[in-house]
Amino acid sequence: MAENDFSLKETCPKIGGGRSFPGGEMQTSSFDLVERMTFLYIRVVKARALPSNDSFIEVTIGSYKGRTKNNTNPNPNPEFHEVFAFNKDRLQGNVLDVAVKANEEVIIGKCKFEVAEIPTRVPPDSPLAPQWYRLEDINGNRFGGEVMLSVWMGTQADEVFPEAWHSDCVTVNGDNAVIARSKVYLSPRLWYLRVNVIEAQDLVPLQGNRTNPEILLGQNEECLGKCEIKLSQVERRVMPDPVPAMWYNLERVVDSVVPGFAGRIHLRVSLEGGYHVLDESIQYSSDYRASAKILWTPAIGVLELGVISASGLMPMKSRDGRGTTDAYCVAKYGQKWPPLRRDVVEYMLDFGSNIWSIRRGRANFERLVTFFTAFLDAWVWFDSVCKWKSPLSKADSALPDELDEEFDGFPSVIFLISMKLLMTLLAFYVMRHPRLRVFDIPSVPQNFFRRLPSRA
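Cut-offs and rules
Residues numbered from 1 in each chain as written. Predicted model: local features only at pLDDT ≥ 70, side-chain atom pairs only at ≥ 80, totals over all residues. Heavy atoms only, no water. UniProt positions renumbered as here; feature names shortened; annotations may be inferred. Helix = DSSP H or I, 4+ residues; strand = E, 2+ residues; numbered from the N terminus. Buried < 20%, exposed > 50% of the residue type's maximum accessible area, 1.4 Å probe, protein only. Expected span 1.5 Å × (residues − 1). Bend = angle between axes of the 7 residues up to and from the residue. Polar contact = N/O pair within 3.5 Å; in protein donor to acceptor, adjacent residues only side chain to side chain. Contact = heavy atoms within 4.5 Å. Core = buried A, V, L, I, M, F, W, Y, C linked by side-chain atoms within 4.5 Å. Salt bridge = Lys/Arg side-chain N within 4 Å of Asp/Glu carboxyl O. Phe/Tyr/Trp six-rings, centres within 6.5 Å; stacked < 30°, edge-to-face > 60°. Lys NZ or Arg CZ within 6 Å of the ring centre and 35° of its normal. Pairing = 2+ DSSP bridges. pLDDT = per-residue confidence, 0-100.

Going by an unreviewed UniProt entry, the protein carries the name C2 domain-containing protein and comes from Brassica napus. According to its UniProt record, the protein has this under Subcellular location (unreviewed entry): "Membrane".

This is the structure:
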């Protein structure tokens, strides 16, 4: 078996897809760090003047086929707003067919596009505007129906790439098709809410407790009043200087009493932006900046890492009779995880999780079945031996000569032992160790004490 070669190798990927502009400037993006992949995009917007109220659109090129979802509001002017993406390297045809169907067998109308005539669009170029295209029936006659769509050649840097239905995800159906591509989610900056209670005045006690000053504030854990403060009106505090305190009116909250004035409370309320709100474990946190951006130290640069490709991966499961693996790449620096946080990875690997789910239950059941299968097979084998279903006597495979020798009263076969073997065994017996010759040799401590000198 050949050994794996993990030595460094020089590669020449086709990266660096920046667009040049007059003046010599080069506009770059994160997609310039990986190889450019070309896709055929089809944006299906809507259709009109169709003879059927329940229809869908099917996009076909070669052996690849994609279809829109059925219209939830049946009418002759349905709207779809879906995008399809076909990898150009895997295109098996030169003509793109767009068909409007009432069901899988009935075609309402269709239109065709030559792949060689489809325009190319790469950001930051303006997106192509959808246009109306007339539909033709199966006989090539126009009947008045139209479909609005746009077709172009683009790359993975296109804005519709994450939401598009991709030809390499044909096994993904329904709404799950939009989560087959990565997306960027911005984590919101969290601020601490600081509330400093200074004093209260003009409190109106509840009925029955006017003469007991000791329970004036508590009122037997009943609320004397409340005030609501909108966070949009709270001042944001960045520097350590305190914000000015303000008086707020309290309102009654008792159901039997008409809402009214219940006192005043003196508060100092602010949103603290000079601290960092930890939303993950501190030993794996990669960002300790304050919530307020004006307190951030200026960046000295940005390190961008492009994951180009992977090869020689071991198959982890079988699909359609062939080995496959669902792999992802994680860039790790020290204890940091830039793309996937540690809690996300642990969740994906079910690390330390005790939450029950149907998927996890099935996985554990299959593990138990696999573990006890060996014991079950051994028990079935032992039971068959005991019941003579699978005997060990080899009687079913014995030869005729062996059966004659078995039933013969006098042995007809003599096993001869060579003289050399007998002489060898005799020599080992004669030259055996003294411990093997007699049985009354004393032990080592007893022999030592016997040899000690005496006074006699």
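Read on, since the account is not over.
With that settled, the discussion passes to the overall build of the protein. What the protein contains, in helices and strands, is 5 helices and 17 strands. Looking at the protein residue by residue over its 456 residues, the buried ones come to 23%.

On to helix α2 (residues 358-386). Between the first and last C-alpha of α2 there are 40 Å, a value that for 29 residues agrees with the 42 Å anticipated at 1.5 Å per step. Its axis deflected by about 35° at Thr 373, α2 carries its strongest bend there. Remark: Trp 388 follows α2 within two positions and exhibits a positive phi of approximately 60°.

Here the focus is the side chain of Ser 291. Mapped onto the fold, Ser 291 is located in the loop between β15 (261-272) and β16 (317-319). At 2.4 Å, the side chain of Ser 291 and the backbone oxygen of Leu 190 are in polar contact. Every residue in contact with Ser 291, bar those within four places of it in the chain, is listed here: Arg 189, Leu 190, Trp 191, Gly 273, Tyr 275 and Val 277.

On to the environment of Phe 56. The residue Phe 56 is located in strand β4 (residues 56-61) in this model. Linking Phe 56 and Arg 67, residues 11 residues apart in sequence, is a C-alpha distance of 7.1 Å. The contact partners of Phe 56, leaving out residues within four places of it in the chain, are Arg 67, Thr 68, Lys 69, Asn 70, Phe 80, Ala 99, Val 100, Lys 101, Ala 102, Asn 103 and Glu 104.

In this section: the nonpolar core. Grouped together as the largest cluster of nonpolar side chains are 27 residues, with contacts concentrated most on Leu 40, Ile 42, Ile 57, Phe 86, Leu 96 and Val 151. Among the elements of the structure, β3 (38-48), β4, β6 (79-87), β7 (95-101), β8 (107-114) and β10 (142-155) are those that each provide at least two residues to this core. Each residue touching Ile 42, except ones within four places of it in the same chain, is listed here: Val 59, Glu 82, Val 83, Phe 84, Phe 86, Leu 96, Ser 150 and Val 151.

Time to look at the pattern of salt bridges. A complete count under the given rule lists 10 salt bridges for this structure. When the shortest N-O distance is used, the salt bridge between Arg 48 and Glu 146 registers 2.5 Å. One end of the pair, Arg 48, is in strand β3; the other, Glu 146, is in strand β10, with 98 residues separating them in the sequence. We note a salt bridge from Arg 121 to Asp 158, for which the minimum N-O separation is 3.0 Å. A residue pair is termed long-range when its members are at least 10 positions apart, and Arg 121 in the loop between β8 and β9 (131-136) and Asp 158 in the loop between β10 and β11 (165-166) qualify at 37 residues. Here Arg 121 and Asp 158 have matching classes, each one buried.

Below, the discussion takes up the packing of aromatic side chains. Two numbers describe a pair of aromatic rings. These are the distance of the centres and the angle of the planes. Scanning all chains against the criterion turns up 11 aromatic pairs. Summarising the aromatic geometry, the rings of Phe 371 and Phe 372 are spaced 5.1 Å apart at their centres and angled 85° between planes, so their arrangement reads as edge-to-face. Judged by relative accessible area, Phe 372 falls into the partly exposed class, the value being 48%. Taken together, the aromatic side chains of Phe 39, Tyr 41, Trp 152 and Phe 161 make up a single cluster linked through ring pairs. The ring of Trp 296 carries Arg 289 above its face, with NZ or CZ at 3.9 Å from the centroid. Here the guanidinium or amino end of Arg 432 rests over the ring plane of Tyr 429, the centre of that ring lying 4.3 Å away.

If a residue is not glycine, its phi is most likely negative; likewise, a peptide bond is most likely trans. For His 81, which is not glycine, the phi torsion reads 55° and is therefore positive. Tracing the backbone through its elements, the reader meets His 81 in strand β6. Even without glycine at this site, Asp 202 takes up a positive phi of about 55°.

Topologically, Asn 70 is positioned in the loop between β5 (64-67) and β6. Given the relative accessible area of 47%, Asn 70 is considered partly exposed. Residues Asn 70 and Ser 55, 15 residues apart in the sequence, show an inter-C-alpha distance of 6.6 Å.

Let us now look at the pairing of β9. Of the strand pairs in this sheet, β9 and β10 are connected by 5 bridges, and their pairing is antiparallel. Along β10, the bridge assignment pairs Trp 132 with Met 148.

Let us look at the confidence of the model for the protein. With 76% of its residues at a pLDDT of 70 or more, the protein has an overall mean of 79. Note that residues 211-219 has pLDDT below 50 and, in this model, 9 contacts with residues that lie over four places away or in other chains.

Okay, the side chain of Ser 270 next. In this fold, Ser 270 is placed in strand β15. According to the relative accessible area criterion, Ser 270 is buried, its value standing at 2%. Within the local environment of Ser 270, its side chain forms a polar contact with the side chain of Glu 272, the two groups lying 3.2 Å apart. With residues near it in sequence (within four places) discarded, Ser 270 still touches Tyr 192, Leu 193, Arg 194, Val 234, Glu 235, Arg 237 and Val 243.

Moving on, we come to the pairing of β4. β4 sits mainly inside the fold: 6 of its 6 residues count as buried. Alternating positions in β4 separate into two faces, Phe 56, Glu 58 and Thr 60 on one and Ile 57, Val 59 and Ile 61 on the other, with burial throughout. Sheet topology places β4 next to β7; 5 bridges connect them, and they run antiparallel. Note on β7: the bridge partner recorded for Phe 56 is Lys 101. As paired strands, β4 and β5 are joined by 4 bridges and run antiparallel to one another. The residue bridging Glu 58 from the neighbouring strand is Arg 67, located in β5. Joining the antiparallel neighbours β4 and β5 is a turn of 2 residues, in which Gly 62 adopts a positive phi near 65°.

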